[in-house]
Amino acid sequence: QVQLEESGGGFVQAGGSLSLSCQSSAKTSAFVSLGWYRQAPGSMKPRELVGYIKSDDTIVYADSAKGRFAISRDNDRDILWLQMASLKPDDTATYYCRASILSQGVVWGQGTQVIVSS
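Residues numbered from 1 in each chain as written. Predicted model: local features only at pLDDT ≥ 70, side-chain atom pairs only at ≥ 80, totals over all residues. Heavy atoms only, no water.

## Brief notes about the side chain of Ser-24
Mapped onto the elements, Ser-24 comes out in strand β3 (residues 18-24). With relative accessibility at 7%, the residue Ser-24 sits in the buried group. Among the polar contacts made by the side chain of Ser-24, one reaches the main-chain carbonyl oxygen of Ala-26 at a distance of 2.7 Å. In contact with Ser-24, not counting residues within four places along its chain, are Val-2, Gln-3, Leu-4, Phe-31 and Asp-78. (Helix = DSSP H or I, 4+ residues; strand = E, 2+ residues; numbered from the N terminus. Buried < 20%, exposed > 50% of the residue type's maximum accessible area, 1.4 Å probe, protein only. Polar contact = N/O pair within 3.5 Å; in protein donor to acceptor, adjacent residues only side chain to side chain. Contact = heavy atoms within 4.5 Å.)

Below, the structure is given as structure tokens:
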């Protein structure tokens with residue numbers, strides 16, 4: 001079973017930047033897609049898409065992330081990155097790494113918390 005481990009979360013002031021990483025235990029180059037989702041504290045809504053990268057390196061962003069967030073990956077080190085800038089209090093959430101893998105379906109990481117203060 002592939003494992004995903006997020007890191008880089010923390011506390012940041014509004015307008016600041018933060019970079020998250022997701023380390024995969026398997027080769028990310030073999031994944032159908034690899035992306036980021038988030039869930040606000042106490043929210044009962046499903047996890048919200050932030051963005052993802054496909055196997056052909058196409059990147060899709062949610063409207064809330066466009067222009068502020070950037071997704072990239074390092075297939076040599078099997079790491080997915082999420083660089084976040086101009087952070088807002090509404091970005092406060094637990095951020096999850098998600099992989100779509102042909103042999104295993106969807107795999108989630110445990111999440112990393114981001115808190116943006118106003």
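## Some thoughts on the pattern of salt bridges
Should the charged atoms of two oppositely charged side chains come close, the side chains can pair. Evaluated as defined, the whole model comprises seven salt bridges. The partner of Arg-68 in a salt bridge is Asp-91, and the shortest N-O contact between them spans 2.7 Å. Within this pair, whereas Arg-68 is found in the loop between β6 (59-61) and β7 (69-74), its partner Asp-91 is found in the loop between β8 (79-84) and β9 (93-101), the two being separated by 23 residues in sequence. For Asp-91, a relative accessible area of 2% corresponds to the buried category. (Salt bridge = Lys/Arg side-chain N within 4 Å of Asp/Glu carboxyl O.)

## Here's the deal with the sheet that holds β7
Read across the open sheet, the four strands follow the order β1-β3-β8-β7; overall the sheet is antiparallel. Two strands lie at the open edges of the sheet, namely β1 (4-7) and β7, each paired on one side alone. Geometrically, the sheet is characterised by an average inter-axis angle of 15° between neighbouring strands, direction not taken into account. Note that β7 and β8 share six bridges and pair antiparallel. Looking at β8, one finds that Ala-70 is bridged to Gln-83. (Pairing = 2+ DSSP bridges. Axes fitted to C-alpha atoms, helices over the stretch in contact; angles between N-to-C directions.)

## Remarks on the packing of aromatic side chains
The relation between two aromatic rings is expressed through the spacing of the ring centres and the mutual angle of the planes. Following the criterion strictly, the structure yields two aromatic pairs and no others. Summarising the aromatic geometry, the rings of Tyr-37 and Trp-108 are spaced 5.2 Å apart at their centres and angled 75° between planes, so their arrangement reads as edge-to-face. Linking Tyr-37 in strand β4 (residues 33-39) with Trp-108 in strand β10 (residues 105-108), this pair joins segments that are 71 residues apart in sequence. Judged by its relative accessible area of 31%, Trp-108 is partly exposed. Pairing Tyr-96 with Trp-108 gives two aromatic rings, centres 6.3 Å apart and planes at 90°, and the pair type is edge-to-face. With a gap of twelve residues between them, Tyr-96 in strand β9 and Trp-108 in strand β10 connect regions that are remote in the sequence. (Phe/Tyr/Trp six-rings, centres within 6.5 Å; stacked < 30°, edge-to-face > 60°.)

## Examining the state of the cysteines
If you walk through the whole model with that rule in mind, you get one disulfide. A sulfur-sulfur separation of 2.0 Å characterises the disulfide bridge that pairs Cys-22 with Cys-97. Taking the sign of the S-S torsion, about -80° here, the bridge from Cys-22 to Cys-97 comes out left-handed. Placement of the pair is Cys-22 in strand β3 and Cys-97 in strand β9, with a sequence separation of 75 residues. (Disulfide = S-S within 2.5 Å.)

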